[in-house]
Amino acid sequence: GFIRHTRPGAGANLEFSHITLDKLKAVDAVLSRLGVSFEETMALGDSSSDAAILRASALGVAMGNAPEKIKACANDVTGLNTEDGVALALEKYVL
């Protein structure tokens, strides 16, 4: 097939992507262009398509709404995406 369901078990949220999409390669390309390494990067994510990025980054932060298997890929877990989880992580680690 040409389509992959990237967030099974996510309830009402559905996420589909082209089978050849690789978010890790995309992030790596952007970081390379910026001259930044994964060792200098904080990543936030909540789906299976984010797992590799969470593992590759120096600081991987899973959203509180992420499935347990995604939380296990991260260094820390922040609040839910509906409760300012990104802001909480930025305040904790960046500001």
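In case you missed it, the structure is sitting above this.
Throughout, residues of each chain are indexed from 1 in the direction in which the sequence is written. Local features in a predicted model are, by the rule used here, given only for residues with pLDDT of at least 70; side-chain atom pairs are given and counted only at 80 or more, and totals for whole chains, interfaces and linings are based on all residues. No hydrogens and no water enter the side-chain calculation; it runs on all heavy atoms of the structure.

A word on the overall build of the chain
(1) Moving on: Numbering of helices and strands starts at the N terminus; helices are DSSP runs of H or I of at least 4 residues and strands are runs of E of at least 2. Of the regular secondary structure elements, the chain holds four helices and five strands.
(2) Moving on: By definition, residues are in contact when any of their heavy atoms lie within 4.5 Å. Long-range pairs, those at least 24 residues apart, make up 22% of the contacts in the chain with a sequence separation of at least 6.
(3) Moving on: All accessible-area figures derive from a Shrake-Rupley calculation using a 1.4 Å probe, and residue coverage is judged against the displayed protein chains alone. When the accessible surface of the chain is totalled, it reaches about 6,000 Å², and 57% of it is carbon and sulfur.

Thoughts on the sheet that holds strand β4 (residues 59-62)
(1) Moving on: Pairing between strands is defined by DSSP: at least two bridges between the two strands are required. With parallel pairing, the three strands of this open sheet are ordered in space as β3-β4-β5. The outermost strands of the open sheet, each flanked by one partner alone, are β3 (42-45) and β5 (76-77).
(2) Moving on: Bridge count for β4 against β5 is two bridges, and the pairing is parallel. Following the sheet pairing, Ala-62 is matched in β5 by Val-77.

Regarding the pairing of β4
(1) Moving on: Exposure is judged per residue with a 1.4 Å probe applied to protein chains only, and the accessible area is read against the type maximum: over 50% gives exposed, under 20% gives buried, and values in between give partly exposed. Residues of β4 alternate between two faces, with Leu-59 and Val-61 on one and Gly-60 and Ala-62 on the opposite face, all of them buried.
(2) Moving on: Strand direction decides the pairing type here: β3 and β4, joined by four bridges, are parallel. Bridging across to β4, Met-42 finds its partner in Leu-59.
(3) Moving on: Between the parallel elements β3 and β4, the chain passes through helix α2 (residues 51-56) in a crossover that is right-handed. Viewed with both strands pointing away, a crossover whose connecting path from the first strand over the helix to the second turns clockwise is right-handed.

Quick look at the nonpolar core
(1) Moving on: For our purposes a nonpolar core is just a set of buried Ala, Val, Leu, Ile, Met, Phe, Trp, Tyr and Cys residues, chained together by side-chain atoms within 4.5 Å. Grouped together as the largest cluster of nonpolar side chains are nine residues: Ala-43, Ala-51, Ile-53, Leu-54, Ala-62, Ala-66, Ile-70, Cys-73 and Ala-74.
(2) Moving on: With three residues, the top contributor of residues to this core is α2.
(3) Moving on: Residues contacting Ile-53, with those up to four places away along its chain left out, are Lys-23, Leu-24, Val-27 and Ala-43.

A few points about the side chain of Ser-49
(1) Moving on: Structurally, the position occupied by Ser-49 is in the loop between β3 and α2.
(2) Moving on: Whenever a nitrogen or oxygen atom comes within 3.5 Å of another N or O atom, the pair is scored as a polar contact, on the condition that within protein one atom can donate a hydrogen and the other can accept it, and that pairs from neighbouring residues in sequence are kept only if both atoms are in side chains. At 3.3 Å, the side chain of Ser-49 and the side chain of Lys-23 are in polar contact.
(3) Moving on: Here the side chain of Ser-49 touches Ser-47 through a polar contact of 2.9 Å, side chain to side chain.

Structural notes on helix α1 (residues 23-34)
(1) Moving on: By this rule, a helix spans an expected 1.5 Å times one less than how many residues it contains. Taking 1.5 Å of rise per residue, the 12 residues of α1 would be expected to cover 16 Å, and the 17 Å separating its terminal C-alpha atoms lies within 8% of that figure.
(2) Moving on: Measuring from the backbone nitrogen of Leu-24 back to the side-chain oxygen at the start of α1 gives 3.0 Å, which picks out Asp-22 as the cap.
(3) Moving on: Positive backbone phi, approximately 75°, marks Gly-35, located one or two places after α1.

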